[in-house]
Amino acid sequence: MTSEKPDSVWNHKPWWCQPWSIILTGISIISGSWLLFKILWLTILVAIPISAWMGFFVILFPKLALQAENQQSI
């Protein structure tokens, strides 16, 4: 009986494209915007696309990759 872990999309990505590095980069950019300018509306303006980018790559992309893999194996 083997207990193989299912193949993850993150196993095929380099270190700079892992969830921890994506989240760390996004948080650093948003925080850096606040620390540099201290303007709330500008930080929010920066946070919106960065949050969308993080959400896509950390949440949506793995689900889409798994779905595509499942469709190929049918």
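It should be noted that the structure appears before, not after, this text.
This is a predicted model, so every value here is computed, not measured.

(A) Looking closely at the overall build of the chain. Broken down by element type, the chain carries two helices and zero strands. Taken against the 2.2 N^0.38 rule, which gives 11 Å for 74 residues, the C-alpha radius of gyration of the chain at 17 Å runs more than 25% over that of a compact globule. With respect to the three principal axes, the spread of C-alpha positions in the chain is 55 × 20 × 20 Å. Sorting the 74 residues of the chain into buried and exposed places 20% on the buried side. Relative to all contacts within the chain whose residues are 6 or more apart in sequence, the contacts with residues 24 or more apart total 53%. With the model as given, the accessible surface of the chain reaches about 6000 Å², and the carbon-plus-sulfur share is 71%.

(B) Focus on the packing of helix α1 (residues 19-37) against helix α2 (residues 40-72). The geometry of α1 relative to α2 is characterised by a closest axis approach of 9 Å and an angle of 175° between their N-to-C directions. Considering their axes alone, α1 and α2 lie roughly antiparallel with respect to each other. Residue-level inspection shows P19, I22, I23, T25, G26, I27, I29, I30, S33, W34 and F37 of α1 in contact with α2, the latter providing L40, L42, T43, V46, A47, I50, S51, W53, M54, F57 and V58. When the residues that make up the contact of α1 with α2 are grouped by side-chain class, the tally is 17 nonpolar, five polar and no charged.

(C) Structural view of the nonpolar core. Of all hydrophobic cores here, the largest spans seven residues; its members are V9, W10, I22, I30, A47, I50 and M54. Element by element, the count of residues in this core is highest for α2, at three residues. When near neighbours in sequence (up to four residues on either side) are disregarded, M54 contacts I22, I23, G26, I27 and I59.

(D) Local environment of the side chain of T43. Positionally, T43 belongs in helix α2. Once residues within four sequence positions are removed from consideration, T43 is found in contact with I30, S33 and W34.

(E) Layout of a nonpolar patch on the surface. Residues W34, L35, L40, I44 and I48 make up a contiguous nonpolar surface patch of about 530 Å² in total accessible area. The set of elements that each furnish at least two residues to the nonpolar patch consists of α1 and α2. Per-element accounting of the nonpolar patch gives the leading share, three residues, to α2. Residue classification places W34 among the partly exposed residues on the basis of a relative accessible area of 36%.

(F) Structural detail: unusual backbone geometry. At K38, a position not held by glycine, the phi torsion is positive, near 55°. Here K38 shows up in the loop between α1 and α2.

Cut-offs applied
Residues numbered from 1 in each chain as written. Predicted model: local features only at pLDDT ≥ 70, side-chain atom pairs only at ≥ 80, totals over all residues. Heavy atoms only, no water. Helix = DSSP H or I, 4+ residues; strand = E, 2+ residues; numbered from the N terminus. Rg over C-alpha atoms; globule rule 2.2 N^0.38 Å. Buried < 20%, exposed > 50% of the residue type's maximum accessible area, 1.4 Å probe, protein only. Contact = heavy atoms within 4.5 Å. Areas by Shrake-Rupley, 256 points an atom, 1.4 Å probe, with all protein chains shown as cover. Axes fitted to C-alpha atoms, helices over the stretch in contact; angles between N-to-C directions. Parallel < 35°, antiparallel > 145°, perpendicular 65-115°, else oblique. Nonpolar A, V, L, I, M, F, W, Y, C, P; charged D, E, K, R; others polar. Core = buried A, V, L, I, M, F, W, Y, C linked by side-chain atoms within 4.5 Å. Patch = residues over 30% accessible without salt bridge, like charges linked within 9 Å, V, L, I, M, F, W, Y side chains within 5 Å. Salt bridge = Lys/Arg side-chain N within 4 Å of Asp/Glu carboxyl O.

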